[in-house]
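Examination of the molecular architecture
What follows is each chain in one-letter form.
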Amino acid sequence: DQQVKQNSPSLSVQEGRISILNCDYTNSMFDYFLWYKKYPAEGPTFLISISSIKDKNEDGRFTVFLNKSAKHLSLHIVPSQPGDSAVYFCAAMNDYKLSFGAGTTVTVRA
Amino acid sequence: SAVISQKPSRDICQRGTSLTIQCQVDSQVTMMFWYRQQPGQSLTLIATANQGSEATYESGFVIDKFPISRPNLTFSTLTVSNMSPEDSSIYLCSVRTSFSYEQYFGPGTRLTVT
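The present account deals with the structure reproduced in this document. Fair warning: this is a prediction, and the values are worked out from it, not measured in the lab. (Residues numbered from 1 in each chain as written. Chains lettered and ligands numbered in written order. Predicted model: local features only at pLDDT ≥ 70, side-chain atom pairs only at ≥ 80, totals over all residues. Heavy atoms only, no water.)

Observations regarding the interface of chain B and chain A
When the parts of a complex come together, some accessible area is lost, and that lost area is often used as the size of the interface. Of the residues lining the interface, 18 residues belong to chain B; the matching set on chain A comes to 18 residues. Taken together, both faces of the contact between chain B and chain A bury some 1500 Å²; the carbon and sulfur share is 62%. Between the two partners, chain B and chain A, sit one salt bridge. Applying the counting rule to chain B against chain A returns seven residue pairs in polar contact (both at pLDDT 80 or more). Among the elements of the structure, strand E4 (31-37), strand E5 (43-49), strand E9 (89-96) and strand E10 (104-105) of chain B are those that each provide at least two residues to the side of chain B that touches chain A. If you tally residues by element for the side of chain B that touches chain A, the top one is E4 of chain B, at four residues. (Contact = heavy atoms within 4.5 Å. Buried area = accessible area lost by both parts, 1.4 Å probe. Salt bridge = Lys/Arg side-chain N within 4 Å of Asp/Glu carboxyl O. Polar contact = N/O pair within 3.5 Å; in protein donor to acceptor, adjacent residues only side chain to side chain. Helix = DSSP H or I, 4+ residues; strand = E, 2+ residues; numbered from the N terminus.)

Okay, structure coming up:
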């Protein structure tokens, strides 16, 4: 049973515009959420995280929003750059174990 | 964050054989994990590698198939035993330090079983 879902397999965005990636989860025991970026032939790279006691965390161009009541989080990338083209994974933590979504492939168009 | 290396980076193996993957971290870490990413799939946790004791396996993964060692705080191995084509995946090591919740990943080992 997939506890973390990324329902959009792909996203195409123009350079300089905002990229919004969405993630839904079903397990209310998740208490920490992370976003990872993955290029082909490389391991996932940690991007940004948020604790379940917060609703927003910002780090440079990346902002993560958490809506606990809706069991939904999103990652905003502003402005999008060509180097942002990659697969983005949402992950949720319960008792140090991570559950991952299926990933969203982001393509930034020049 | 920690710098993580894995060996080999890729391999092609025949069915029925075994492959041992090494994971080396540049600093002592509290927790080490092994994940699998099957083609077109997301990452799935195989087990938590415990220093000096048996690994803790997730549902669907057993020690006979995926024996794991962790002799110290910077090194772990995962063996994929009696391989079949269904074991063709990327195998990833990850670590967590005592200072944060984040997990950091190695570059992965791409395994193809023929």
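Quick look at the sheet that holds strand E6 (residues 56-59) of chain A
Residue and element names in this part refer to chain A. With respect to topology, five strands assemble into an open sheet ordered E1-E3-E8-E7-E6, the strand pairing being antiparallel. Both edges of this open sheet fall to strand E1 (4-5) and E6, since each of them pairs with a single strand only. Pairing analysis gives six bridges linking strand E7 (residues 62-67) to strand E8 (residues 72-77), with the strands arranged antiparallel. Following the sheet pairing, Thr63 is matched in E8 by His76. (Pairing = 2+ DSSP bridges.)

Some points on the layout of surface pockets
Empty space within the largest pocket amounts to approximately 550 Å³. Around the largest pocket, the lining comprises 21 residues; the ones closest to its centre are Gln3, Leu98 and Ser99 of chain A together with Thr44 and Leu45 of chain B. Breaking the lining of the largest pocket down by element, the ones donating at least two residues are strand E10 (97-100) of chain A together with E5 of chain B. A per-element tally of the lining of the largest pocket places E10 of chain A first, with four residues. Residue classes in the lining of the largest pocket are distributed as eight nonpolar, nine polar and four charged. Space inside the second largest pocket adds up to approximately 280 Å³. The wall of the second largest pocket is formed by 17 residues, among which Lys38 of chain A together with Gln37, Gly40, Gln41 and Ile90 of chain B lie closest to the centre. If you list the elements that add at least two residues to the lining of the second largest pocket, you get strand E9 (86-94) of chain A together with E9 and strand E11 (109-113) of chain B. Per-element tally for the lining of the second largest pocket: the top contributor is E11 of chain B, with three residues. Its residues placed into classes, the lining of the second largest pocket shows eight nonpolar, seven polar and two charged. (1 Å grid on protein atoms, 1.4 Å probe; cavity = no way out; pocket = protein on both sides within 12 Å on 5 of 7 lines; lining within 4 Å. Points joined across faces, edges and corners; volume = space filled by probe spheres on them. Nonpolar A, V, L, I, M, F, W, Y, C, P; charged D, E, K, R; others polar.)

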